[in-house]
Every structure is written in structure tokens, then in C-alpha cells.
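Given next are the chains, with one letter for each unit.
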Amino acid sequence: MDKSLSPPGASKARKPAGLDLFPYESSLRPVAGLAVDYEDGHRVRRHRHRRSQLLYAISGVMVVDTDAGIWVVPPTRGVWVPAWMPHAIRMSGEPRMRTVFVEPGAVAHLPAECCVLSVSPLLRELMVAAAEVPLDWQPGTRDGRLMMLLLDELKQDPVLPLHLPQPSEPRLARICRAIVRHPERQVGAADWARELGVDPKTVHRLFLRHTGMTFGRWRQQARLLAAMERLARGDRVLDVALDLGYESPSAFAAMFRKALGEPPSAFAARGTASA
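A brief look at the structure comes next. (Residues numbered from 1 in each chain as written. Predicted model: local features only at pLDDT ≥ 70, side-chain atom pairs only at ≥ 80, totals over all residues. Heavy atoms only, no water.)

Right, let's get into the overall build of the chain. The secondary structure content of the chain amounts to ten helices and ten strands. Against the 2.2 N^0.38 benchmark of 19 Å for 275 residues, the chain shows a C-alpha radius of gyration of 20 Å, consistent with a compact globule. Counting only C-alpha atoms, the chain reaches 70 × 35 × 35 Å along its principal axes. Expressed as a percentage of the 275 residues in the chain, the buried residues total 48%. Of all intrachain contacts in the chain linking residues separated by at least 6 positions in sequence, the fraction that spans at least 24 positions is 72%. Accessible surface, the chain: about 13100 Å² in total, of which carbon and sulfur atoms supply 53%. Of the side-chain charges in the chain, 37 are positive and 29 negative, and the distance between the mean point of each set is 3 Å. (Helix = DSSP H or I, 4+ residues; strand = E, 2+ residues; numbered from the N terminus. Rg over C-alpha atoms; globule rule 2.2 N^0.38 Å. Buried < 20%, exposed > 50% of the residue type's maximum accessible area, 1.4 Å probe, protein only. Contact = heavy atoms within 4.5 Å. Areas by Shrake-Rupley, 256 points an atom, 1.4 Å probe, with all protein chains shown as cover. Lys, Arg positive; Asp, Glu negative; His and termini not counted. Charge placed at Lys NZ, Arg CZ, Asp CG, Glu CD.)

Following this line, the structure appears as C-alpha cells:
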């Protein structure tokens, strides 16, 4: 096998500085894996890929920003970004990213839209292993079987609890930007209705029509995503709960557990864990 075709540093994670993705997007094989470690606060400017991409973080949290909305990627989830979709990424808690680039049409079952996928223990290990597979892996070999199994494991129903839709309707976009900037503020739909000069029912109708969520559900989702970022950075659960406007840590923990199926303390511990 020609080792010159292997991605540089395939046996260890790359750093973002000077990273060349062209070999991963132009490989003759239908899927290629890559490992990149980022620092807290690192931002990847808006860009797009010729191939579809599954983004996953072993630790830390990634926030993927697209025209369709904001997608949060904790250690139990991955976000699927279809080919050519413009997106930017914000890193919290020093994410250790493991990603795969998939040729469009490689298999029939791949998602057609951006979505969050559950990352099973098997898929996690396959993505970790894929980052060490040469770009010119051969069908029928151990590497080839591993990569084809990885593609097969992408046959999962999308799960969408970590998505924050971004509306284009001007009045609604104004409200949503304000909530994202200050999720802790206790400003209700009636308050926004007075500021916009409309009936509160209009605000609720706009949210349902343009985001598929009620005003209260959208605001709670914004707070959940903000909490996940802060927990990934190592902030205390108590501080996050109070700073985001919850009356008590127990109320915050109940919301968090209902949304993600685990308490915030467990999420924070896993988000900073090593692979």
C-alpha cells in the first residue's frame, strides 16, 4: 500500500492550524475518517464541503450553525451535515472531534437534511477507528470492512431534541436573536407582543408557523443549549442553573433530565472525559 496516500498523522489527532481537507473530500473511497482536537472557544468560519459529513465529539461540545438552525453536538450525539450545506462551528470544552466524510449517494439510507443522530457505542468506536484508516483503504480488507460497517451503522432514525430552528421572519428573528444573546432573561411572549405592537397570540402563531415550536418550548431549548455549552467548559451546575434564570438547581436538573435523559452533573462529567 502506498503510504503517501495516508492522511498525515493518521495515528493521532490533528490540530486545526493548516489542516487540509482536500484529501478527505477527494478520496477514491466512499468514506474517510479524520480526528481533530480543538481548544475551547475555537471557531471554524462558515464553509461547506463537497461530501456529506458526520461531526462527533468524544469530549466537549460543538455548536453547528446553519441557515436552517443551530445544532448542538454533545458526546452522545453527532450532527449530519449534507454535502454543500454552509455551516460554521463553535467549540466549547476542548472538543476532540472525530468526523467522517461520506460521498453523496454512497449508500441509499443517508439523511437528506441536517439532523442530529444518536451515536451508539459501536458507531463511536468505528468513528474513532476510522480516523486511523488510510485514505486508500482496500475493499475486502479489515480496514475496508470497518469502513463499510461504519456506513451501515448510519442507518438510524434522526433525533432532534438538540436543534434550535432559526426563523427568517424578521420580527421572530429579532426575538430569537435576543433570547440567544440573553437566555436568562424572563421576558415572555406578552412582553414581546407589546414591544412589537401585536397581540400575544400573534407571537405564539409566528413561533409555531416558522419554528414548529411554541414560544416557551423555543426559549427552553435555547436555555438548554446554552447550559450544555457552559457545562462542557466546566462551569458548576449551580452557577449554570442560577445564571440561566432557574429558580433552583433542582428545577434546572429536572428540565435537563427530561430533555437529555440524564442529570446535568453526568453530562458535565462525560463532556470533559478523555477518550
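On to the packing of aromatic side chains, then. As enumerated under the stated definition, the model contains six aromatic pairs in all. When the centroid spacing of 6.2 Å and the interplanar angle of 65 degrees are considered together, the rings of F207 and W218 count as edge-to-face. Taken together, the residues span a long stretch of sequence, with F207 in helix 6 (residues 200-211) and W218 in helix 7 (residues 215-232) at a distance of eleven residues. When its relative accessible area of 0% is taken as the criterion, W218 is described as buried. Ring pairs connect the aromatic residues Y246, F252, F256 and F267, which therefore count as one cluster. Here the basic side chain of R223 rests over the ring of Y246, its NZ or CZ set 5.9 Å away from the ring centre. (Phe/Tyr/Trp six-rings, centres within 6.5 Å; stacked < 30°, edge-to-face > 60°. Lys NZ or Arg CZ within 6 Å of the ring centre and 35° of its normal.)

Oppositely charged side chains are able to pair whenever their charged atoms sit close together. Applying the stated rule across the entire model yields 14 salt bridges. Between D235 and R230 there is a salt bridge; the shortest N-O distance is 2.8 Å. Note on D235: relative accessible area 26%, which makes it partly exposed. You can call R230 buried: its relative accessible area is 18%. Taking the shortest distance from any N to any O, the salt bridge between R236 and D239 comes out at 3.0 Å. Beyond isolated ion pairs, a larger network of salt bridges with shared partners links R46, D65 and D67. (Salt bridge = Lys/Arg side-chain N within 4 Å of Asp/Glu carboxyl O.)

With their axes 9 Å apart at the nearest point, helix 4 (residues 170-181) and helix 7 run at an angle of 35 degrees to one another. Two packed elements cross with a definite hand, and for helix 4 against helix 7 that hand is right-handed. From helix 4, I175, C176, I179 and V180 reach across to helix 7, where they touch F215, W218, R219 and A222. Partitioning the contact of helix 4 with helix 7 into residue classes produces seven nonpolar, no polar and one charged. (Axes fitted to C-alpha atoms, helices over the stretch in contact; angles between N-to-C directions. Left-handed = near helix turned anticlockwise from the far one by under 90°. Nonpolar A, V, L, I, M, F, W, Y, C, P; charged D, E, K, R; others polar.)

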